[in-house]
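Residue strings, one per chain:
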Amino acid sequence: MFETLERGSLQVDLLRFKYKNSLTDIFNTLNFKIEKGEFVGLMGRTGAGKTTAMMLLNGLIPHFLEGEFEGNVIANTMNTQRYHIQTMARFIGLVMQDPETQIFGITVERDVAFGPSNLAFGKEKIKEVVSKSLKAVGLEGYEKRITSELSGGEKQRLAIAGVLAMEPEILVLDEPTSELDPVGREEIYKLLSVLKKKGEVTILVSGHDTEEMLEYADRIIVLDNGRKVWEGRPSTLFKDIVLTKKNGIRPPEVSEIGNCFQKQGLLDQDSVFINKNEFLQFAKNNFTSFKISNNGSEKYYSTNNNPVAIETKDLSFYYQQKNSVLNELNIKIYKGEFVALIGKNGAGKTTFSKQLNGLLRPTNGAVFINGNDISQLTTAQLSKEVGYIFQNPDHQIFSATVYDEVEYGLKRMNLTETERSVRINTALEFVGLEKFTNRHPFTLGKGERQKLAFATVLAMEPKILIIDEPTTGQDWDGTNKMMEMLDKLHRQGHTILMITHNMLLAAEYTDRVIVFSNGKVMLDDPPEKVFYESEILKAASITAPDCVTIAGELRSAGYKNYPVTINELQNDLLEQLARKENVNRVLPFGKLRS
Amino acid sequence: MLIEYYPSESYVHRLDIRTKALGFFVITIISFVFLSPIINLLIVFCTCVILFTIRTPFSGIKKILKPLLPIFILMLLITGFTYPASNFTSEANQRTLFSLGTFPFTLGGFLYGITLVLRIFIMVITSTIVTYTTPIEDILQLLKKIKIPHQFAFIITTGIRFIPTMQKKSEMIQEAQKARGAEIGKGGLIKSVSSYITVLIPLIVDSLRMADNLAIAMLNRGFGAMKTTTDLNEIKMRTRDYLICFTEVILIAIAFWIRSKNIGGL
């Protein structure tokens with residue numbers, strides 16, 4: 001069973017594992033192997049067992065999290081059952097999801113030194129590894145900084161540095177990018193690929209980042225329900241749209257077009273595109289002259305005739321006089337609009353949103369909700385008009401049942417018992433928790449707790465909803481369900497403001513996109529316009545959806561539309577094909593000549 | 001509560017923690033040796049000079065002393081009324097300033113009250129000087145030197161490290177609850193106390209979850225892998241430390257000698 005294993009390799013041969021107080025097995029036959037120097041991605045929906053699988057690798061299971069464990073896990077030639085976790089930690093560095101609970105030092109330097117000093121490295125050696133690992137994660141010069149003052153991305157990198165300083169042969173990271181903006185996400189993957197290229201470490205990383213996995217991983221392992229359901233090259237995985245969707249993995253943007261073409265017999269088997277550049281090449285070769293009518297530019301929305309729901313007048317805000325967080329914002333949001341607030345972390349999106357329900361008060365200027373100045377109203381009073389849904393549902397759940405949790409806000413609203421119960425049931429039904437009325441909220445999964453938090457706000461029936469990154473840390477299924485709910489509310493006439501880092505969602509669902517940068521509004525227009533302002537977006541560190549770049553490249557072929565979703569682009573291409581003119585090749589298209 | 005460490009290169013910053021700790025005890029003992037407010041006032045003045053020269057923020061000290069104000073007044077009143085004239089050696093101090101019914105308010109008692117207040121002042125100022133100029137690592141080293149187990153020291157640093165995190169969590173929870181209509185800390189006593197439950201429960205649940213994650217992270221970082229851990233910078237006594245420690249010992253000796261001559265009493 002054990003062939004000769006190399007250092008830096010991993011082998012999991014698990015017959016079964018069940019937590020001590022759990023009724024069902026977490027894993028039932030899980031086998032996978034990772035070779036030295038590989039960069040492997042672990043994917044699958046939330047709750048598929050990714051985190052638990054990672055905790056097998058350094059012996060956290062079964063030593064710390066106990067249970068019924070049958071099988072063997074060999075990491076770096078060591079059987080985890082025979083060694084202490086701390087001994088394994090020397091060779092297998094495990095970076096967990098939340099960086100906050102992985103930082104022990106008060107200063108950056110001290111924190112990175114925590115691991116090596118636990119391993120009783122010599123003093124000179126510690127100095128060396130500390131500066132080496134800080135350099136590796138791009139935090140050189142941060143040595144004396146106070147850890148609690150770092151940004152989210154910096155904390156994430158510090159957590160990685162702290163593990164790197166122990167000089168592991170295998171680096172395992174659990175969703176290291178779930179809390180980061182696209183810029184931070186890209187940085188983490190680049191950092192990992194540099195580490196891999198140096199050939200010093202084997203890397204296993206879990207996450208929902210389709211594009212990055214495709215670009216950086218050598219191999220993907222897909223888990224579902226505690227089982228390995230697939231493994232192989234990322235390009236093979238992402239070409240199989242059925243497989244990815246079945247496992248809650250978002251397929252790459254352009255793969256949708258390829259699949260559609262294939263279904264219609266326009267494209268050879270196995271020439272689905274997964275990579276933007278590949279598709280671009282194909283499109284340029286085959287669509288040389290567009291004749292389809294231009295339908296885009298007039299689509300720009302005519303200013304709404306609806307009444308103004310939210311208005312800010314010269315809104316400025318700062319904590320310290322020198323650096324203003326918000327700078328003289330004049331924004332009007334009309335009733336029934338679905339608005340996306342985008343911009344990188346720290347651009348002012350959340351600070352702006354918190355002004356709208358009085359959680360923060362303007363330093364200068366004023367905020368009007370439905371025409372009324374809100375400066376004299378408390379947040380509690382405003383909660384009937386402006387619902388604010390936070391990112392972390394656990395910051396508000398405190399009741400013993402799902403029903404009570406939703407009722408809490410309503411009790412302050414002078415409603416009769418029956419009115420309350422109607423509202424509670426409607427809200428729970430809307431989010432799909434009607435079966436859980438009497439459950440304890442903490443027995444629900446994270447995705448369900450998020451829905452519960454959503455229901456608590458909906459039950460108060462506010463006409464304006466502010467949602468802070470509703471899809472962060474969610475898998476593709478969760479994201480889609482959340483967006484369906486928002487879309488439904490939008491169609492019911494709610495005014496919705498959504499803070500998001502996900503440009504695909506902003507493009508697909510919203511009427512209007514506001515781009516923040518350094519406390520100022522850089523752009524404020526419908527997505528069809530905003531995403532084509534490439535210069536300004538670049539300055540605000542925002543990457544537009546792939547279809548926008550592709551449309552830009554097809555301009556020379558006479559393409560005149562402004563698609564923001566891949567479906568719009570696809571429809572244009574299909575329309576052009578239907579005309580059967582000015583298309584270079586005979587159908588079906590063959591595989592690209594490389 | 002206390003003013004936090006602030007990195008700087010002042011002469012007090014550069015001293016060893018042991019020198020500073022000894023200095024703290026010496027000054028405290030001297031202030032307890034003398035009953036007279038004049039000598040204690042002198043000590044307050046001297047410690048304030050040190051405070052000034054190392055640029056400690058005064059606003060922080062004000063914050064510590066402000067809530068103590070009613071206690072100070074109470075102390076003055078209690079000592080004034082409860083110390084009978086026979087307690088004082090000098091005749092002037094035996095004088096009664098005024099009487100409230102049958103309770104005489106003596107000058108000696110009043111002065112003794114001032115001394116008590118000044119002693120608190122002195123302790124606040126000297127401990128501020130120590131915490132402002134000493135990084136937490138040095139304090140931990142001191143604990144280690146006096147053989148307090150390393151795990152205990154780890155608890156202290158981790159605790160300090162998580163103060164800002166918990167503050168932020170508590171703010172976020174309060175915001176989340178306010179946004180759904182909770183009026184935290186408002187209304188009558190019972191209402192305002194019960195409104196904090198909505199903050200406390202999520203905070204406790206979250207802390208428990210964090211504690212679990214923290215335990216896992218500690219293992220991941222090899223905590224407890226070896227019997228000993230490496231100390232990054234050892235605290236070191238230099239010549240100036242020995243000189244100052246020597247002066248401190250001399251000072252306390254002089255103080256006792258003066259006191260034995262019956263100077264500085266009441």
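(A) Representation of the domain arrangement of chain A. Residues and elements named next belong to chain A. Parsing chain A into structural domains produces domain 1 (10–246), domain 2 (255–297 + 547–578) and domain 3 (305–545). Contact residues are listed per partner, giving seven residues for domain 2 and eight residues for domain 3. Its residues assigned to classes, the side of domain 2 that touches domain 3 comprises four nonpolar, three polar and no charged.

(B) Seen up close, the sheet that holds strand β2 (residues 27–34) of chain A. All names here are of chain A. With respect to topology, four strands assemble into an open sheet ordered β2-β1-β4-β5, the strand pairing being antiparallel. Of all the strands in the sheet, the pair left with one neighbour each is β2 and β5 (78–79). Across two bridges, strand β4 (residues 67–75) lies against β5 in antiparallel orientation. Within β5, the residue paired with alanine 75 across the bridge is methionine 78.

(C) Local environment of helix α7 (residues 136–145) of chain B. Along α7(B), the residues classified as buried are B:Glu137, B:Ile139, B:Leu140 and B:Gln141. Residues of α7(B) that are buried sit in contact with α1 (17–33) and α8 (150–179) of chain B.

(D) Examining unusual backbone geometry more closely. Residues and elements named next belong to chain A. In this chain, isoleucine 61 is followed by proline 62 through a cis amide linkage whose omega measures 10 degrees. Relative to the helices and strands, proline 62 resides in helix α2 (residues 60–64). Of note in this structure, glutamate 175 is not a glycine but carries a positive phi near 40 degrees. In this structure, glutamate 175 sits in the loop between β7 (170–173) and α7 (182–197). Notably, aspartate 314 is not glycine yet its phi reads approximately 45 degrees, a positive angle.

(E) Structural view of the interface of chain B and chain A. If you look at the interface, chain B gives 40 residues, while chain A gives 53 residues. Among the secondary structure elements, those contributing two or more residues to the side of chain B that touches chain A are α8 and α9 (189–220) of chain B. Of the residues forming the side of chain B that touches chain A, the biggest block, 13 residues, is contributed by α8(B). Here the side of chain B that touches chain A is composed, by residue class, of 20 nonpolar, 13 polar and seven charged.

(F) Region of interest: the nonpolar core. Counting residues in hydrophobic clusters, the biggest one holds 176 residues, and the most contacted among them are A:Leu57, A:Ala161, A:Val172, A:Leu341 and A:Ala455. Once you skip the residues sitting within four places of it in the chain, A:Val172 turns out to touch A:Met54, A:Leu57, A:Ile92, A:Gly93, A:Leu94 and A:Leu204. Membership of the second largest hydrophobic core comes to 19 residues, among which are B:Phe34, B:Tyr83, B:Tyr112 and B:Ile129.

(G) Main features of the environment of A:Tyr334. With respect to the secondary-structure elements, A:Tyr334 resides in strand β12 (residues 324–334). The spatial distance from the C-alpha of A:Tyr334 to the C-alpha of A:Leu382 is 18 Å, given a sequence separation of 48 residues.

(H) Up close: the packing of α8(B) against α9(B). Residues and elements named next belong to chain B. Packing of α8 against α9 brings their axes to within 9 Å, and their N-to-C directions diverge by 135 degrees. One finds that α8 runs oblique with respect to α9. Here the hand of the crossing between α8 and α9 comes out right-handed. Contact with α8, carried on its side by Lys169, Ser170, Ile173, Gln174 and Gln177, involves Thr198, Val199, Pro202, Leu203 and Asp206 of α9 and no other residues of that element. By residue class, the composition of the contact of α8 with α9 is four nonpolar, four polar and two charged.

(I) Structural view of the sheet that holds strand β14 (residues 364–369) of chain A. All names here are of chain A. On the basis of which strands lie adjacent, the open sheet formed by four strands has the order β12-β11-β14-β15 and antiparallel pairing. Sheet topology places β12 and β15 (372–373) at the edges, where each strand pairs with a single neighbour. By the bridge criterion, five bridges tie strand β11 (residues 308–318) to β14 in an arrangement that is antiparallel. Looking at the pairing, threonine 312 lines up with valine 367 of β14.

The rules behind the values
- Residues numbered from 1 in each chain as written.
- Chains lettered and ligands numbered in written order.
- Predicted model: local features only at pLDDT ≥ 70, side-chain atom pairs only at ≥ 80, totals over all residues.
- Domains from an automatic or database assignment.
- Contact = placed C-beta atoms within 7 Å.
- Nonpolar A, V, L, I, M, F, W, Y, C, P; charged D, E, K, R; others polar.
- Pairing = 2+ DSSP bridges.
- Helix = DSSP H or I, 4+ residues; strand = E, 2+ residues; numbered from the N terminus.
- Buried ≥ 20, exposed ≤ 12 C-beta atoms within 10 Å, placed from the backbone.
- Core = buried A, V, L, I, M, F, W, Y, C linked by C-beta atoms within 7 Å.
- Axes fitted to C-alpha atoms, helices over the stretch in contact; angles between N-to-C directions.
- Parallel < 35°, antiparallel > 145°, perpendicular 65-115°, else oblique.
- Left-handed = near helix turned anticlockwise from the far one by under 90°.

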